[in-house]
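# Structural description and commentary
Listed below are the residues making up each chain.
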Amino acid sequence: MMVCTALVFFMHTGFAFLEIGLTRQKNTINILFKNIFIITIGLLMYYIGGFNLMYPGEFNGFLGFSGFGLGTDAAGLTAEYANGGYTYWTDFLFQGMFAATAATIVSGAVAERVKLGPFMIFTILYVGLVYPIVGSWQWGGGFLSTLGGDEAGFYDFAGSTLVHSVGGWAALVAVWLLGPRIGKFSEEGKINAIPGHNIPLATGGVLILWLGWFGFNGGSVLSADPAATSLVLVTTSLAAAAGGLSAFVVSTLAYKNYDLTMFLNGILGGLVGITAGADQMSPNEAVLIGLIAGAIIVGAVALVDRLRLDDPVGAIAVHLICGVWGTLAVGIFGAKAGIDQFLYQLAGVAAAGIFCIASALLILIILKKTVGIRVSREEEMEGLDLHEHGMDAYADFRMNQH
Amino acid sequence: MMVCTALVFFMHTGFAFLEIGLTRQKNTINILFKNIFIITIGLLMYYIGGFNLMYPGEFNGFLGFSGFGLGTDAAGLTAEYANGGYTYWTDFLFQGMFAATAATIVSGAVAERVKLGPFMIFTILYVGLVYPIVGSWQWGGGFLSTLGGDEAGFYDFAGSTLVHSVGGWAALVAVWLLGPRIGKFSEEGKINAIPGHNIPLATGGVLILWLGWFGFNGGSVLSADPAATSLVLVTTSLAAAAGGLSAFVVSTLAYKNYDLTMFLNGILGGLVGITAGADQMSPNEAVLIGLIAGAIIVGAVALVDRLRLDDPVGAIAVHLICGVWGTLAVGIFGAKAGIDQFLYQLAGVAAAGIFCIASALLILIILKKTVGIRVSREEEMEGLDLHEHGMDAYADFRMNQH
Amino acid sequence: MMVCTALVFFMHTGFAFLEIGLTRQKNTINILFKNIFIITIGLLMYYIGGFNLMYPGEFNGFLGFSGFGLGTDAAGLTAEYANGGYTYWTDFLFQGMFAATAATIVSGAVAERVKLGPFMIFTILYVGLVYPIVGSWQWGGGFLSTLGGDEAGFYDFAGSTLVHSVGGWAALVAVWLLGPRIGKFSEEGKINAIPGHNIPLATGGVLILWLGWFGFNGGSVLSADPAATSLVLVTTSLAAAAGGLSAFVVSTLAYKNYDLTMFLNGILGGLVGITAGADQMSPNEAVLIGLIAGAIIVGAVALVDRLRLDDPVGAIAVHLICGVWGTLAVGIFGAKAGIDQFLYQLAGVAAAGIFCIASALLILIILKKTVGIRVSREEEMEGLDLHEHGMDAYADFRMNQH
């Protein structure tokens, strides 16, 4: 579990590299700053209150809170941990490393035009309140976990819905409220690709994320049972590989071009897709879920563009759409498949969606009406690094105008 | 074992960074694409058939196959795993992460001029068939493992021959069939260095590979015996350090220049060299094997150039020549040293070499005669990224003509 | 423990990325070369004699040596390891990965103007002799560990003093003897920022260091006790997050600028600050130590500049000043707090400081008077890569004059 925690922490490096790699050089410092802020504040917010909001002990199933800080209910919790092969502290840290992920997903979607200060406020509220409340509905023993009575309910192994779509819904809302980057869509409706500036880092980022998923899904077994954990690692890796290959083949057929970015997003789509049911699937089913996720990615990226939503890193396609797919897949494939389970899954997707959309709208509209959420046209053109940070990410290199 | 599997997976990031770092910017996307393809298809091929080709259970010692997919013989295998401290699934994934390595080694040697499609076909065949068949001869209990009767035979702890030279022989064949990059050798016989474009990534790649070797060699103990595993990590690290320092000193004496690339390749040479006998050597012997490997690297790189073979990353020197050295070293140093063992080692090197050369020749000559294996002169000059991917790895940076 | 060893090894990648990221492109190869040399020679020196100098068994408390190489006292040591959950070999490797860190810290401070050859000699002496002698005073059971009798004494859990300040004192001495880089301080007393050339790598480096600290502090528990180890990971991570946020807030208030470098150095300051007492602090105390460390960083960086000391990466602020802070904090907060303990801590800081300053002065003044320690003005202007290595870190990119 402690190793898994370290790997999940390392995912933040992957997210940062992926996000800067797929965006422009002039906004690099800004993106790194956002990401570092998310990691540090996310962990502190989870320490201050998030953990006890997510795991409130006995509660009404919708909202509960067992106090600030750590260890308040430690005595009661210790018994639970005694058989689990991990400790209260490990549990906190592992979950705390997850928490920030939701905001990191949003960060990628709003990159290159969001105002830093308001985004930091959004992060504090979303990671500190929204994420743990949704999490409590299932992992904290809330109403989603008992939809079908004591024995059955919504199932989300490691967070296709509770982590990825929680970030994805907010990304969708934020992208819609912010509007596209200047130049992304021309007035005649043409879609212009804005190429990323450092594809090696983006690729490294995806490989680091895959590595981190070993910890993310592996650690979610929440025990050291070697058979269960190792099967989860196999389903996770096979879905990733299948997702990548599927996105590569579909996009090559569609666009007659070996598109590396699509390949990479296909891998991530496969990983997000398997996350809800990584412990419920056979290897063959994992491959199938990955293959479908990869095809979904190609279609979803095109759809998001068609809707004139500007998502520089493909966060909506990867985390929201494949998150939904993975959640529903638990009702279609694997040990839990069945019409009842499918409906539970649908209910979970809907409950999280409604609450996240409403929360994100509330927070972001208030911010938009008061301090504003988008940088000035001049700042966007010249780059956020110069304006907000007075720094250049690559001081010694000559750059193209862009 | 699961942690080791994660570390071995991470090696692919190291290989990718090393390969792009030592080549030119204009071919970066292409190289990343190749590497990502190798990882994903390698895992899937190993899942579909490779694992059961490599570990066929009882077989004739040369070729056996226990069926497609996983778990067909799980019942029989479980007994074996019960005492080993790891599971069937872990074993598959750990081995599957290895499998792709053989093609990655070739990838580095053929970089900057190989056609992507044919290389993908080569990868499927070589990783799906050649690698597991050679592996079955030893790790699957085949004829190499019993050369000297039931109690003695060829020994290759973690794959100096079975992984590294399997990749290395194909690299040699491919480089010879492809010919050098335009400009590498002038008509008067002059050798021109073609500098890599991102040495920080190359250096990071080597450090990641060293890290991954902890998993590669550590995990090959195939048990959680702490004394054995930890000694393997010590011999591995000492050989790496000695290899690097030796290559640095020898190359500084030879060329009056602090050559970072040689230092890095010396580290890799030390790692490849210790791989066959990491559990058989004392720390002092590990240092000695590393020192010799480092010196070999300096000579081998010069020799490959002299033969007018163009290997942009030094894969032949590192993986083939140091792979052979490490394999033979098991007969010279350590617990198994002796003339009989030396001959077994020689037989293993020869058997793998003959089969790999023949297979690689067969596959690549057919590809060359049909679809061709080399890109056009125009594409090579302008870069593979533009032609095959329509993308630039560093869109915002200005580049030198090259 | 073996996983922790791997993570600590990976820290060297973090140090290398951080150091090159914060310096200029023209000296990148040189810095990478230094770092790779430090890793390899550090491990070998520790193998040859360092380990037995640091853990001499029974000795006079100031200086002892139990022989060259490994395993000389293995029989005696085995008993000790039997209950510890790790082996003699693991212990050596884990400690050996630490050893090189002291020189790496110096490397960052002297970057961009130190002569490579003399720096290599300094590294051999400092890592081979000074570091293990100081370490023996405490971790080897020497006089610092028994300052207050058998039951009490100096306390330094994972090396705020024994690792970080040992490097930090030498960095201070070296920076003072070397003088600033050309252009850092104008004659009228103006301080010129010399921007780093690759901030994404620097940021990735800090995240890798944080990851490595999981191994550094986690492994220093020297047992597999899950409760103790996991609490250490929690205090370590909270201090890191608090340090970063504190440095960000303080520097934003002071300079009206979102300064990413300060944020990153604040994280490192928090990590160094918690290192001496990571197992003695509650989570709240860890947050407090981190918050103070972050504020210290902002002040210390300004102070070092004011003293016209040129430390390109902030090594003195991070490793020396926060190392001292973390060491003293053990006497102020946590389970050991008290006036006696505070005095023991002060004594430890002073003893290490005096010995390290004296040793560094001795080594560096001799080198300065004989072979010289600084490159020529011409070499510094044109870059060390060209002069000492004949290589360019980014061959295909166009560069600004700088």
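Report follows, based on the coordinates. (Residues numbered from 1 in each chain as written. Chains lettered and ligands numbered in written order. Predicted model: local features only at pLDDT ≥ 70, side-chain atom pairs only at ≥ 80, totals over all residues.)

## Examining the overall build of chain A
Just so we agree on the cut-off: Counting from the N terminus, the helices are DSSP H or I runs at least four residues long and the strands are E runs at least two residues long. Between the two quantities, the radius of gyration covers C-alpha atoms and the globule rule is 2.2 Å times the number of residues to the power 0.38. Buried means a residue has 20 or more other C-beta atoms within 10 Å of its own C-beta, exposed means 12 or fewer, and partly exposed covers the counts in between; C-beta atoms are placed from the backbone. Contact between two residues is assigned when their C-beta atoms, built from the backbone, lie within 7 Å.
Secondary structure assignment for chain A yields 14 helices and zero strands. Over its C-alpha trace chain A gives a radius of gyration of 20 Å, about what one expects of a compact globule, namely 21 Å for 402 residues. The principal-axis extent of the C-alpha atoms belonging to chain A is close to 60 × 45 × 35 Å. The buried share of chain A, reckoned over its 402 residues, is 66%. Residue pairs in contact within chain A that sit at least 24 positions apart in sequence constitute 78% of those at least 6 positions apart.

## Some points on the environment of Ile274(B)
All names here are of chain B. Its location among the elements puts Ile274 in helix H9 (residues 260-275). Classification of Ile274 by C-beta neighbours within 10 Å gives buried; the count is 35. Along the sequence, Ile274 and Thr236 sit 38 residues apart, while their C-alpha atoms lie 6.2 Å from each other. Apart from residues lying up to four places away in sequence, Ile274 is in contact with Thr235, Thr236, Ala239, Met281, Ala286, Ile289, Gly290 and Gly326.

## With respect to the interface of chain B and chain A
Test applied: Each residue gets one label: Ala, Val, Leu, Ile, Met, Phe, Trp, Tyr, Cys and Pro are nonpolar, Asp, Glu, Lys and Arg are charged, and the others, such as Gly, are polar.
At the junction of the two partners, chain B supplies 43 residues and chain A supplies 42 residues. Broken down by secondary-structure element, the contributors of at least two residues to the side of chain B that touches chain A are helix H1 (2-21), helix H2 (28-54), helix H4 (88-109) and helix H14 (384-389) of chain B. Among the elements that take part in the side of chain B that touches chain A, H1(B) stands out by supplying eleven residues, more than any other. When grouped by side-chain class, the residues that make up the side of chain B that touches chain A number 28 nonpolar, eleven polar and four charged.

## Description of the relation of the copies chain B and chain A
For clarity, the cut-off: Copies overlap after least-squares fitting; the atoms used are the C-alpha atoms of residues with pLDDT of at least 70 in both.
For the pair chain B and chain A, the relating rotation is 120°, the translation along its axis is 0.0 Å, and the fit reaches an RMSD of 0.0 Å. Considering both components of the superposition, the chain copies are consistent with a three-fold axis. Residue Arg398(B), judged by its C-alpha, is the member of chain B lying nearest the rotation axis, at 3.4 Å. Of the residues that chain B buries at the interface, just 9% are likewise interface residues in chain A, meaning the two copies contact each other through different surfaces.

## Structural notes on the packing of helix H7 (residues 199-219) of chain C against helix H9 (residues 260-275) of chain C
All names here are of chain C. For the record, the criterion: Simply put, an axis is a line fit to the C-alpha atoms, just over the touching stretch for a helix, and the angle between two N-to-C directions goes from 0 to 180 degrees. The labels follow the angle: roughly parallel below 35 degrees, roughly antiparallel above 145, roughly perpendicular from 65 to 115, and oblique for the rest. Two helices that cross are described as forming a left-handed crossing if the nearer one is turned anticlockwise from the farther one by less than a right angle, and a right-handed crossing if clockwise.
Direction vectors running N to C along H7 and H9 enclose 15°, while the axes themselves pass 11 Å from each other. Judged on the interaxial angle alone, H9 and H7 are roughly parallel. Of the two possible hands of crossing, H7 and H9 adopt the one that is left-handed. Contact with H7, carried on its side by Ile199, Ala202, Thr203, Val206, Leu209, Trp210, Trp213 and Asn217, involves Leu260, Leu264, Ile267, Leu268, Leu271 and Thr275 of H9 and no other residues of that element.

## Some remarks on the packing of helix H5 (residues 116-138) of chain B against helix H6 (residues 160-178) of chain B
Residues and elements named next belong to chain B. H6 packs onto H5 with a crossing angle of 135° between their chain directions and a minimal axis gap of 10 Å. It follows from the interaxial angle that H5 and H6 lie oblique. In the packing of H5 onto H6, the handedness of the crossing is right-handed. Between H5 and H6, the contacting residues are Tyr126, Tyr131, Val134, Gly135 and Gln138 on the first element and Leu162, Val166 and Ala170 on the second. A class-by-class count of the residues in the contact of H5 with H6 yields six nonpolar, two polar and no charged.

## A look at the relation of the copies chain B and chain C
Laying chain B over chain C is done by rotating through 120° and shifting 0.0 Å along the axis; what remains is an RMSD of 0.0 Å. Here only 10% of the interface residues in chain B have copies in chain C that are interface residues too; the copies meet through unlike faces.

## Concerning helix H8 (residues 226-255) of chain B
All names here are of chain B. Selection rule: A helix is expected to reach a length of 1.5 Å times the quantity of its residues less one.
For H8, spanning 30 residues, the distance from its first C-alpha to its last is 43 Å, which sits close to the expected 44 Å at 1.5 Å a residue. Burial analysis of H8 places 21 of its 30 residues in the buried class, which makes it a mostly covered element. One or two residues past the end of H8 sits Lys256, with phi positive at roughly 50°.

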